[in-house]
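Below, each chain spelled out in residue letters.
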Amino acid sequence: MPFIETPIKDLLIFEPKVFADDRGYFFECYNQQVYEQQGLSYNWVQDNQAHNVRKGIIRGLHYQLNPHAQAKLVRVLDGAIWDVAVDIRKGSPTFGQWYGIELNADNKLQLLIPRGFAHGYAVLSDTAEVMYKCDNFYSKASEGGIIYNDPALNIDWKVDLNHAMVSEKDEVLPLFKDCVNNFEF
């Protein structure tokens with residue numbers, strides 16, 4: 001089975017089967033039938049790609065509010081990131097808990113983040129190319145976020161926060177306890 005469960009319900013790791021030989025490798029990074037066999041049905045409508053120019057960049061924590069919420073399927077094309085998802089579904093037994101995993105070009109793992117999670121990542125390599133699918137279109141009016149260094153979440157970003165590069169927008173996101181959130185478990 002290519003799906004690995006995490007300690008947070010519905011948050012899954014996808015491990016594709018990689019076929020390697022002397023020429024390199026081949027793998028299906030997404031196959032709708034494989035997902036449907038697992039009982040997962042997504043209509044991916046948007047692909048996003050981010051080029052990160054140095055180690056220590058932190059992006060997040062971001063989400064889209066209902067009705068524009070987005071599930072994401074995140075993977076790394078080049079380099080390595082520490083990918084983090086925070087459960088913000090009210091009523092969830094893991095509400096406010098986070099899960100992190102290293103995604104990199106070598107392990108080819110992907111993190112499937114359903115709706116109702118805040119998402120962010122830290123760049124672990126000199127540069128990183130990140131790509132992710134979304135099952136809903138971006139809506140600026142529905143942007144939500146949580147500040148990356150919220151002491152209540154206590155996320156280990158695997159980089160030195162004193163030298164992290166964070167956007168001005170992400171530096172002023174609210175604490176988890178103050179974030180706008182319309183997700184129910």
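Report on the accompanying structure. (Residues numbered from 1 in each chain as written. Predicted model: local features only at pLDDT ≥ 70, side-chain atom pairs only at ≥ 80, totals over all residues. Heavy atoms only, no water.)

1. What to know about the sheet that holds strand E1 (residues 3-5)
To summarise the sheet geometry, strands pair through backbone hydrogen bonds and adopt either a parallel or an antiparallel arrangement. Pairing in this open sheet of 6 strands is antiparallel, and the strands run E1-E2-E10-E7-E12-E5 from one edge to the other. Either end of the sheet is taken by a strand with one partner, and the two such strands are E1 and strand E5 (46-52). Taking the axes of each pair of neighbouring strands and ignoring which way they run, one obtains an average angle of 25° across the sheet. Relative to strand E12 (residues 128-134), strand E7 (residues 72-78) runs antiparallel, the two sharing 6 bridges. The residue of E12 that forms the bridge with Val76 is Val130. (Pairing = 2+ DSSP bridges. Helix = DSSP H or I, 4+ residues; strand = E, 2+ residues; numbered from the N terminus. Axes fitted to C-alpha atoms, helices over the stretch in contact; angles between N-to-C directions.)

2. Details of the pairing of E5
Residues Gln46, Asn48, Ala50 and Asn52 point to one face of E5 and are all buried, whereas Asp47, Gln49 and His51, pointing to the other face, are not buried. Examined bridge by bridge, E5 and E12 share 7 bridges and lie antiparallel to one another. Residue Asn48 lies in a different strand from E12, and its bridge partner there is Tyr132. (Buried < 20%, exposed > 50% of the residue type's maximum accessible area, 1.4 Å probe, protein only.)

3. So, the packing of aromatic side chains
Per the counting criterion, the structure on display carries 9 aromatic pairs. Consider the rings of Tyr30 and Tyr35, whose centres lie 4.9 Å apart with planes at 50°: the pair is tilted. Judged by relative accessible area, Tyr30 falls into the partly exposed class, the value being 23%. You can call Tyr35 buried: its relative accessible area is 1%. Following the ring pairs from residue to residue traces out a cluster consisting of Phe3, Phe14, Tyr30, Tyr35, Tyr42 and Trp44. Sitting above the plane of the Tyr25 ring, Lys108 keeps its charged end 3.9 Å from the centroid. Between Lys158 and the ring centre of Trp82, over which it is positioned, the NZ or CZ distance is 4.8 Å. (Phe/Tyr/Trp six-rings, centres within 6.5 Å; stacked < 30°, edge-to-face > 60°. Lys NZ or Arg CZ within 6 Å of the ring centre and 35° of its normal.)

4. Describing the pattern of salt bridges
In the structure shown here, the tally under the stated rule is 10 salt bridges. In this structure, the salt-bridge partner of Asp10 is Arg89, at a minimum N-O distance of 2.8 Å. On the criterion of sequence distance, the pair formed by Asp10 in the loop between E1 and strand E2 (12-14) and Arg89 in the loop between strand E8 (80-87) and strand E9 (98-104) is long-range, its members being 79 residues apart. With relative accessibility at 34%, the residue Asp10 sits in the partly exposed group. Arg115 is the salt-bridge partner of Asp135, the closest N and O atoms lying 3.3 Å from each other. In this pair, Asp135 is assigned in the loop between E12 and strand E13 (143-145) and Arg115 in the loop between strand E10 (110-113) and strand E11 (117-123), connecting sequence segments 20 residues apart. In the salt-bridge network here, residues are joined through shared partners; they are Lys9, Asp10, Asp87 and Arg89. (Salt bridge = Lys/Arg side-chain N within 4 Å of Asp/Glu carboxyl O.)

5. Some thoughts on the nonpolar core
Leu61, Tyr63, Val86, Ile88, Ile146 and Trp157 are the most contacted members of the largest nonpolar core, which has 25 residues in total. Mapped by element, the contributors of at least two residues to this core are strand E6 (57-64), E8 and E11. When residues in this core are grouped by element, the largest group, 4 residues, is from E8. Excluding residues within four positions of it along the chain, Trp157 makes contact with Ile58, Leu61, Trp82, Val84, Gly120, Tyr121, Ala122, Leu124 and Tyr148. (Core = buried A, V, L, I, M, F, W, Y, C linked by side-chain atoms within 4.5 Å. Contact = heavy atoms within 4.5 Å.)

6. Some words on the state of the cysteines
Each disulfide is one covalent bond, formed between the sulfur atoms of two cysteines. All chains considered together, the criterion is met by 0 disulfides. Sulfur of Cys134: no disulfide; nearest cysteine sulfur belongs to Cys29 and is 15 Å away. (Disulfide = S-S within 2.5 Å.)

Function-wise, these values are silent; they only describe arrangement.
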